[in-house]
Structure formats: structure tokens, C-alpha cells
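Notes for the structure review
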Amino acid sequence: IIQAQYVGVKVFREGLAAVNVNDEMSLGQWGYINSTGDMVIAPQFWLVNSFQEGLAGVLPTGGTNWMYIDRMGQEVIGQLTEKKPFIYGAQPFKNGVACVEAATDRTAFKRTEGYQTKKRKGQEGMWGFIDKTGRVIALEFDHAMSFVEGFAVVEKGGKFGYVTPDCEIVIPPQFDKANSFSEGLASVQIKKK
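Residues numbered from 1 in each chain as written. Predicted model: local features only at pLDDT ≥ 70, side-chain atom pairs only at ≥ 80, totals over all residues. Heavy atoms only, no water.

What follows deals with the sheet that holds strand β15 (residues 169–175). Sheet strands associate in pairs through backbone hydrogen bonding, adopting either a parallel or an antiparallel arrangement. Taking strand neighbours across the sheet as the criterion, the four strands line up as β12-β13-β14-β15 in an open arrangement whose pairing is antiparallel. One side of each edge strand has no neighbouring strand; the edge strands of this open sheet are β12 (143–144) and β15. As defined by bridge partners, β12 adjoins strand β13 (residues 152–156) across two bridges and the pair is classed as antiparallel. When the bridges of β13 are listed, His143 appears paired with Glu155. (Pairing = 2+ DSSP bridges. Helix = DSSP H or I, 4+ residues; strand = E, 2+ residues; numbered from the N terminus.)

What follows is the structure, encoded as C-alpha cells:
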């Protein structure tokens, strides 16, 4: 249906798929195509998420601050309105809430070893949740994951627990590791068990 022409693709969500083009004009940047292969949002991003609930998290090429765009490619959420306004990790929206990592300094997250490592120059960010207007619901965790079955895994002080979408702690951080819920259950680890 769509010829092999990209160096990277993501799944179609909400009628759009992120594609990584590798040509002289885009230098391997990500953009979005529709189901007929037409480029709807021009390649201009270094990293991207798939669309969910009408928004996608993207990191502009050369930037350090993630933002959320709509299906037309327009910025909807750029900076937060809290004390830590810059977004350095943007997960997809689920049930009107997205998990983000934020910090006060735009340059705080220049990683020294790869994108997935925690070795960074400068401050660590705080993880939490925002709504679709960019309003911070909570930004107080050492790490957090997206909501699954109404609960999100959060880490605080080296221990893991669970919160609801309004950030009410329903299972206090007490586990050494924890996974998202699936079919009403979640696996957790205490010490080596």
C-alpha cells in the first residue's frame, strides 16, 4: 500500500503514522503520513510518539524541550505552567492525562551517554502528570509510567507504588520494582522475590 522508503516507521494511530525519512533535506528526521502515504506533518522532529487522544509528544530537532502537537502539526503544549516548565520526557496521553518528566532548566538534560541512560549533566527532573491544557496535576516523583487500567506506577525514594489519574496514592511506594496492571493484577518485587 505504501512503498518501502523510510528508515523508520511507527504504527498508525488515529489515522497517522510517524515515519523517519533519510534524505538530504530532512537529515533523517521524523514526520507523519496518512494512510495513503501523503506527508501530513513535514519531517522536523528528532524523536516522536504516536498520536493518542489527538496529541503526540515530539522533540524538535536540535531542541531539548519536548512538546505536544495536534494532528495538524501545531504546538498545543510547549511549556508547563509550573515551577518546572521544560518537558524532558513526554509519554502519550491516556484518559486525558500524560506522564511527563520536567525540570526548571532547559539545558538540564543534556545526556552524557545515550538517550535511555540516566547519566546526565545537571539536575534530575521530576516525573508527574499533566492534562491536555498543560496543567500540572502532580510533578513529585523520581519516575512514573503511563496509566494502565486506571493506575500508574510511580517511584519515590527508591520505592514503587501506584496512583490514580488525580494523583491520589492508592498503594504507597513500598516495592523494589513494580509493573503496570493487567487484567486487574500487577507484578511487584520485594527484595529478590
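On we go.
As a further point, take the confidence of the model for the chain. For the chain, per-residue confidence averages 87 on the pLDDT scale, and residues scoring 70 or more make up 87% of the total. Long-range and interchain partners of residues 111–117, a stretch whose pLDDT sits below 50, account for eleven contacts in this model, where long-range means more than four residues apart. (pLDDT = per-residue confidence, 0-100. Contact = heavy atoms within 4.5 Å.)

Moving on to the packing of aromatic side chains. Here the structure, examined in full by the defined rule, presents six aromatic pairs. Relative to Phe51, the ring of Tyr32 has its centre 4.9 Å away and its plane inclined at 65°; by these criteria the two rings are edge-to-face. Pair noted here: Tyr32 is in strand β3 (residues 30–33) and Phe51 is in the loop between β4 (39–48) and β5 (56–60), with a separation of 19 residues, a long-range link. Under the relative-accessibility criterion, Phe51 is labelled buried at 1%. Pairing Phe129 with Phe147 gives two aromatic rings, centres 4.8 Å apart and planes at 45°, and the pair type is tilted. Here Phe129 is found in strand β10 (residues 126–131), whereas its partner Phe147 is found in the loop between β12 and β13, with 18 residues between them in sequence. Accessibility expressed as a relative area gives 0% for Phe129, which makes it buried. Of the residues examined, Phe147 reaches a relative accessible area of 5% and is grouped as buried. Ring pairs connect the aromatic residues Phe129, Phe141 and Phe147, which therefore count as one cluster. (Phe/Tyr/Trp six-rings, centres within 6.5 Å; stacked < 30°, edge-to-face > 60°. Buried < 20%, exposed > 50% of the residue type's maximum accessible area, 1.4 Å probe, protein only.)

By the secondary structure assignment, Val153 is in strand β13. As a C-alpha pair, Val153 and Thr164 span eleven residues in sequence and 9.4 Å in three-dimensional space. Each residue touching Val153, except ones within four places of it in the same chain, is listed here: His143, Ala144, Met145, Phe160, Gly161, Tyr162, Ala178, Asn179 and Ser180.

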